[in-house]
Amino acid sequence: CLTELGHMQAEAAAEELCTMGIERIYSSSHGRAVQTAEHTAKRLGLEITQCDFIRELTARLKADPTAPWSRELSPWLRTLEYTRRGLPLLDKNWRYNELYSDIDTPECIDKLCADLDEWLLSLGVERDGIYYRVNNPKHETVAMFCHAMAYSAALAHVFNLTFPFVCICMSMPQSG
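Residues numbered from 1 in each chain as written. Predicted model: local features only at pLDDT ≥ 70, side-chain atom pairs only at ≥ 80, totals over all residues. Heavy atoms only, no water.

Trainee: Quick rundown of the state of the cysteines? Include the residues and the values.
Mentor: Using the criterion set out here, one finds zero disulfides in the structure. The thiol of cysteine 51 is not disulfide-bonded; the next cysteine sulfur, from cysteine 146, is found 9.9 Å away. Judged by relative accessible area, which is 9%, cysteine 51 ranks as buried. Cysteine 169 takes part in no disulfide bond, and the closest cysteine sulfur to it belongs to cysteine 167, at a distance of 9.8 Å. (Disulfide = S-S within 2.5 Å. Buried < 20%, exposed > 50% of the residue type's maximum accessible area, 1.4 Å probe, protein only.)

Trainee: Pulling in residues and values, what's your account of the pairing of strand 2 (residues 48–51)?
Mentor: Here strand 1 (residues 24–28) pairs with strand 2 via four bridges, running parallel. The partner of serine 27 across the bridge, within strand 2, is glutamine 50. Taking the sense of rotation as the criterion, the β-α-β connection linking strand 1, helix 2 (residues 31–44) and strand 2 turns out right-handed. (Pairing = 2+ DSSP bridges. Helix = DSSP H or I, 4+ residues; strand = E, 2+ residues; numbered from the N terminus. Right-handed = clockwise from strand over helix to strand, strands pointing away.)

Trainee: So what's going on with the packing of helix 4 (residues 105–122) against helix 5 (residues 148–158)? Residues and values would help.
Mentor: Contact geometry for helix 4 and helix 5: axes closest at 10 Å, N-to-C directions at 65°. For the pair helix 4 and helix 5, the sense of crossing is right-handed. Contacts between helix 4 and helix 5 involve Ile109, Leu112, Cys113, Leu116 and Asp117 from the first element and Ala150, Ala153, Ala154, His157 and Val158 from the second. (Axes fitted to C-alpha atoms, helices over the stretch in contact; angles between N-to-C directions. Left-handed = near helix turned anticlockwise from the far one by under 90°. Contact = heavy atoms within 4.5 Å.)

Trainee: How would you explain the environment of threonine 141 if you had to name every residue and give the values?
Mentor: Relative to the helices and strands, threonine 141 is located in the loop between strand 4 (131–134) and strand 5 (142–145). Judged by its relative accessible area of 23%, threonine 141 falls in the partly exposed class. Spatially, the C-alpha atom of threonine 141 lies 40 Å from that of glutamate 98, the residues being 43 residues apart in sequence. Setting aside residues no more than four positions away along its own chain, threonine 141 makes contact with Met20, Gly21, Ile22, Glu23 and Arg24.

Trainee: Got a sec to walk through helix 3 (residues 75–84)? Specific residues and values, please.
Mentor: Among all positions of helix 3, only Pro75, Arg78, Thr79 and Tyr82 are buried. Axial view of helix 3: buried residues confined to an arc of 100°, hence all on one face. With a side-chain oxygen positioned 3.2 Å from the backbone nitrogen of tryptophan 76, the residue opening helix 3 is serine 74. Note on helix 3: the residue one or two positions beyond its end, glycine 86, has a positive phi of about 75°. (Arc of directions from axis to C-beta. Polar contact = N/O pair within 3.5 Å; in protein donor to acceptor, adjacent residues only side chain to side chain.)

Trainee: Just give me the short version of a nonpolar patch on the surface, but keep the residues and values in it.
Mentor: Together, Leu77, Leu80 and Ile168 make up a nonpolar patch on the protein surface, roughly 220 Å² of accessible area in all. Relative to the assigned elements, leucine 80 resides in helix 3. (Patch = residues over 30% accessible without salt bridge, like charges linked within 9 Å, V, L, I, M, F, W, Y side chains within 5 Å. Areas by Shrake-Rupley, 256 points an atom, 1.4 Å probe, with all protein chains shown as cover. Salt bridge = Lys/Arg side-chain N within 4 Å of Asp/Glu carboxyl O.)

Trainee: Could you give an account of helix 5, with specific residues and numbers?
Mentor: Each full turn of the α-helix corresponds to 3.6 residues, which orients residues three or four apart in the same direction. Of all eleven residues in helix 5, nine are buried; the element is thus mostly enclosed. Along helix 5, the residues classified as buried are Met149, Ala150, Tyr151, Ser152, Ala153, Ala154, Leu155, Ala156 and His157. Residues of helix 5 that are buried sit in contact with helix 3, helix 4, strand 3 (125–128), strand 4 and helix 6 (163–169).

Trainee: Could you give an account of the packing of helix 1 (residues 4–17) against helix 2, with specific residues and numbers?
Mentor: With their axes 8 Å apart at the nearest point, helix 1 and helix 2 run at an angle of 40° to one another. Of the possible angle classes, the one that applies to helix 1 and helix 2 is oblique. The two elements helix 1 and helix 2 meet at a crossing, and its hand is right-handed. Taken together, the residues of helix 2 that come into contact with helix 1 (itself represented by His7, Ala10, Glu11, Ala14, Glu15 and Leu17) are Gln35, Thr36, His39, Thr40 and Arg43. Its residues assigned to classes, the contact of helix 1 with helix 2 shows three nonpolar, five polar and three charged. (Parallel < 35°, antiparallel > 145°, perpendicular 65-115°, else oblique. Nonpolar A, V, L, I, M, F, W, Y, C, P; charged D, E, K, R; others polar.)

Written out as structure tokens, the structure is:
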């Protein structure tokens, strides 16, 4: 759940977002994202459509997916280590590096990206190779409230960048 500070940040974000002509609001189905979205939805009188595909990504060991989560599994910490080692952030084969090959995060990212493209298609935006084509003549402004890893994976996919690059170079603070 959001803390008192989180609610204050969500309210500040809502104040800014309300000036952008938002017509639809989408949110992860996880509590923090929904609570954040509620501030904007209430101000605009809009419903929130919850989407499971933008829930926070997992980081489980492929060898033992029932093992409890630990900091060592964190894709964020692994990305920091990737950078510390001087590995190229734009390497399209990042997922095969020893830092990511033992966890399920790359596969979760693949699923999120496929679902993201399906969602965008429902809005009239179709992926065509590495680009997107707008097939819907009606312009709609939508807001999406999700989690940092899901956001990073989605941005990497849309802009044809790598997940490590977006995590390091386009990182967003809370309520970003």
